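The primary structure of each chain is shown beneath.
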Amino acid sequence: MNHSAPPPLAARQAELPALRWDHGYGRLAPGFYTRLAPTPLPDPYLVAYSPAAAALIGLNPPDFDRPALVEALAGNLDWPGAEPLAAVYSGHQFGVYVPQLGDGRAILLGGAVGPDGRVWEFQLKGSGKTPYSRMGDGRAVLRSSIREFLCSEAMHALGIPTTRALAVIGSDYPVFRENVESAAVVTRMAPSFVRFGSFEFFYWQQRHDELRQLADYVIATFYPELREAPHPYLALLEEVARRTARLIAQWQAVGFCHGVMNTDNMSILGLTIDYGPFGFIDGFDAGHVCNHSDEQGRYAYHRQPQIAHWNLYCLGQALLPLTEDVEATQAALAVFKDEFAQALDERLHAKLGLATVQAGDDALIEQTIELLHANRADWTLFWRKLAQLRVDATDSAEDAPVRDLFADRAAFDAWAAAYRARLRREASVDAERAARMNRVNPKYVLRNYLAEIAIRKARGDDGPRDFGEVARLLAVLRRPYDEQPEFEPYAKLPPDWAAGLALSCSS
């Protein structure tokens, strides 16, 4: 009998946590993807991981102490049962159609089945070149990987549909962007990474059989209730429009700017996907552009609803060979405007602490936004501190926590008088209203400067590498609506130097 030790590869693979795989997308025809393995990353190390995301697929904190898991998440070690691939898609980028895009630096390992039976597609972003890399190097940098990791988990904690992030793996391997940076791989998870651009690819190539296969796969896997609809493809388009409308309303309510709302960055499930030069607004500017590559301001904050609707029309066009009716397709898309308006109105009523809907509310909401814009008042702090306003206060000094955010105090006082009058009309109770408002107005969001501090420490810009700030920031952002007095500094106004932070598509 041979008692020799297993070969090193087998021994390392044996250390990996066992996952149960479900390769739904990988069962589509070969034209949907290219099968290839990740490119190994030299000397990888664990930067951070999310215990909450790990639990979704049955991983536990001790698993991340295993060198084999770090190797697998870096793309250096084949995970038994995985079937890696890069998906193809196309899309409209800044309004211009690009015939072929695809996973240029991401490898999908497959779908991991969680303890509750849900399937999470498991993707390594930054894992090397693919046939869809075009002129890219297939790598991600530590800076952008930390940002995507933190924001994915922060958005989930805010209650906003999003892809999740399991871990960030770093390496000293050099990557060239504006400057030389170190490489990293972020592990992303989602029920599906299918995008609007996935459908556009097959439409524009006139590959209608594959277009139908993709639509049938999405309906059967994620929208099974639509199979019984009189026109399933129209029903799919309408449901995607509804989900997208609600998603954008949530973005607007928390002051989130995506930065690159190309159709290839729009999820067929209504998830926030592909975090690049995103940003949460500090001093409110309705025309805020968070991506300095966006010179025309196409993806400015106030244009996000309009762009989402435009993107849905691109999806509707791509589905026309299946829906076969232009007017019916337009009718399915028309639900977006009412759904968005209703969803945003509900959220703004809640943010203001209004328990009822009354005549004049639209004007009050509009005045609120105009006041914030005119004074560049901090979006997050305004809503959070507004909960402290007392209906029967008679001295403006009592309003100081929120009033001091405004340069034009007289304008605030006039607005506050109208707001108080509205609260009195529904006999609002201060304590009850404050509790409701604090459940919908976060105290903590991922401000750019907070991410920048964590990134600088993780890179070791001013000393030894320190990943602790990434973990601390993740812990704060997991409870955005809680007071967390021990983390009070994370809720303060950004420092002056934060205004100089610039983000581009390489971010």
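Since we're looking at a predicted model, the values are computed, not measured. (Residues numbered from 1 in each chain as written. Predicted model: local features only at pLDDT ≥ 70, side-chain atom pairs only at ≥ 80, totals over all residues. Heavy atoms only, no water.)

When you go through the chain residue by residue, the secondary structure sums to 18 helices and 13 strands. Its C-alpha atoms give the chain a radius of gyration of 24 Å, near enough to 23 Å, the size a compact globule of 507 residues would have. Seen through its principal axes, the chain has C-alpha atoms that stretch 90 × 60 × 45 Å. A total of 507 residues make up the chain; the buried ones form 56% of that total. Excluding contacts between residues fewer than 6 apart, the proportion of contacts in the chain whose partners are at least 24 apart in sequence is 73%. Carbon together with sulfur atoms contributes 52% to the accessible area of the chain, which is approximately 20,700 Å² in total. (Helix = DSSP H or I, 4+ residues; strand = E, 2+ residues; numbered from the N terminus. Rg over C-alpha atoms; globule rule 2.2 N^0.38 Å. Buried < 20%, exposed > 50% of the residue type's maximum accessible area, 1.4 Å probe, protein only. Contact = heavy atoms within 4.5 Å. Areas by Shrake-Rupley, 256 points an atom, 1.4 Å probe, with all protein chains shown as cover.)

Before going further, it helps to spend a moment on the nonpolar core. Counting residues in each nonpolar core, the largest one holds 164 residues, and the members touching the most others are Tyr-25, Leu-166, Phe-199, Leu-214, Val-218, Trp-415 and Tyr-419. No other element matches the 13 residues that helix α7 (residues 232-254) contributes to this core. (Core = buried A, V, L, I, M, F, W, Y, C linked by side-chain atoms within 4.5 Å.)

Under the definition given, this model contains 36 salt bridges. Asp-63 is paired through a salt bridge with Arg-66; the nearest N and O atoms lie 3.2 Å apart. Assessed through its relative accessible area of 8%, Asp-63 is described here as buried. Judged by its relative accessible area of 31%, Arg-66 falls in the partly exposed class. In this structure, Arg-447 and Asp-282 form a salt bridge, with 2.7 Å as the shortest nitrogen-oxygen distance. Remark: Asp-282 occurs in the loop between β13 (279-280) and α8 (304-318) and Arg-447 occurs in the loop between α16 (430-440) and α17 (448-459); sequence separation between them is 165 residues. (Salt bridge = Lys/Arg side-chain N within 4 Å of Asp/Glu carboxyl O.)

Here the focus is the side chain of Arg-188. On the secondary structure map, Arg-188 appears in strand β11 (residues 180-190). Looking at Arg-188, its side chain comes within polar contact range of the side chain of Gln-123, at 2.6 Å. A distance of 3.0 Å separates a polar atom in the side chain of Arg-188 from a polar atom in the side chain of Glu-148. Setting aside residues no more than four positions away along its own chain, Arg-188 makes contact with Glu-121, Phe-122, Gln-123, Lys-125, Glu-148, Arg-164, Phe-193, Arg-195 and Asp-274. (Polar contact = N/O pair within 3.5 Å; in protein donor to acceptor, adjacent residues only side chain to side chain.)

On to the pairing of strand β7 (residues 106-113), then. Extensive coverage of β7 is indicated by the burial of 8 of its 8 residues. Inspection of the sheet shows strand β1 (residues 20-21) paired to β7 by 2 bridges, in the antiparallel sense. Paired with Arg-20 across the bridge in β7 is Val-113. Where β7 and strand β8 (residues 119-125) come together, 7 bridges link them in antiparallel fashion. (Pairing = 2+ DSSP bridges.)

So, on to the packing of helix α5 (residues 196-204) against α8. Put simply, α5 and α8 touch, their axes get as near as 8 Å, and they point 40 degrees apart. Classified by the angle between their axes, α5 and α8 sit oblique to one another. Both α5 and α8 take part in a crossing whose hand is left-handed. Contacts between α5 and α8 involve Phe-196, Phe-199, Glu-200, Tyr-203 and Trp-204 on the former and, on the latter, Asn-311, Leu-312, Cys-314, Leu-315, Gln-317 and Ala-318. In terms of residue class, the contact of α5 with α8 is built from 8 nonpolar, 2 polar and 1 charged. (Axes fitted to C-alpha atoms, helices over the stretch in contact; angles between N-to-C directions. Parallel < 35°, antiparallel > 145°, perpendicular 65-115°, else oblique. Left-handed = near helix turned anticlockwise from the far one by under 90°. Nonpolar A, V, L, I, M, F, W, Y, C, P; charged D, E, K, R; others polar.)

This part takes up the packing of aromatic side chains. Taken as a whole and judged by the stated rule, the model has 31 aromatic pairs. Residues Tyr-275 and Phe-278 carry aromatic rings whose centres are separated by 5.8 Å and whose planes lie at 85 degrees to one another, so their mutual orientation is edge-to-face. On the accessibility criterion, Tyr-275 (3% relative accessible area) is buried. Between Tyr-449 and Trp-497 the ring centres are 6.1 Å apart and the planes differ by 85 degrees, which places this aromatic pair in the edge-to-face class. Separated by 48 residues along the polypeptide, Tyr-449 in helix α17 and Trp-497 in the segment after α18 (468-477) bring together distant segments of the chain. Residue classification places Trp-497 among the partly exposed residues on the basis of a relative accessible area of 37%. Following the ring pairs from residue to residue traces out a cluster consisting of Phe-284, Tyr-301, Trp-379, Phe-382, Trp-383, Phe-406, Phe-412, Trp-415 and Tyr-419. Between Arg-139 and the ring centre of Tyr-173, over which it is positioned, the NZ or CZ distance is 5.7 Å. The residue whose ring lies beneath Arg-465 is Tyr-45, and the NZ or CZ to ring-centre distance is 4.3 Å. (Phe/Tyr/Trp six-rings, centres within 6.5 Å; stacked < 30°, edge-to-face > 60°. Lys NZ or Arg CZ within 6 Å of the ring centre and 35° of its normal.)

Let us now look at the environment of Thr-162. As for its placement among the helices and strands, Thr-162 is situated in the loop between α4 (142-157) and β10 (164-176). Assessed through its relative accessible area of 8%, Thr-162 is described here as buried. Through-space distance from the C-alpha of Thr-162 to that of Cys-151 is 9.3 Å; in sequence the pair is 11 residues apart. Residues within four places of Thr-162 in sequence aside, it is in contact with Ser-152, Met-155, His-156, Leu-271, Thr-272 and Tyr-275.

The calculated volume of the second largest pocket comes to roughly 440 Å³. Forming the boundary of the second largest pocket are 20 residues, of which Asp-282, His-288, Ala-498, Ala-499 and Leu-501 lie nearest the centre. Across the lining of the second largest pocket, the residue classes tally to 12 nonpolar, 5 polar and 3 charged. (1 Å grid on protein atoms, 1.4 Å probe; cavity = no way out; pocket = protein on both sides within 12 Å on 5 of 7 lines; lining within 4 Å. Points joined across faces, edges and corners; volume = space filled by probe spheres on them.)

We now examine helix α11 (residues 335-351). Under the 1.5 Å per step criterion, the end-to-end length of α11 is 24 Å for 17 residues, consistent within 8% with the ideal 24 Å. Among all positions in α11, only Val-335, Phe-336, Glu-339, Phe-340, Ala-343, Leu-344, Leu-348, His-349 and Lys-351 are buried. Among the structural elements, α7, α8, α10 (326-333), α12 (361-375), α13 (379-386) and α16 are those in contact with the buried residues of α11. Gly-353 occupies a position one or two residues after α11 and carries a positive phi of about 80 degrees. (Expected span 1.5 Å × (residues − 1).)

Turning to the environment of Thr-329, a few remarks are in order. Note that Thr-329 resides in helix α10. Along the chain, Thr-329 and Gly-316 lie 13 residues apart, while their C-alpha atoms are 6.3 Å from each other. Dropping the residues within four chain positions of it, Thr-329 is found in contact with Leu-234, Leu-237, Gly-316, Leu-320 and Thr-323.

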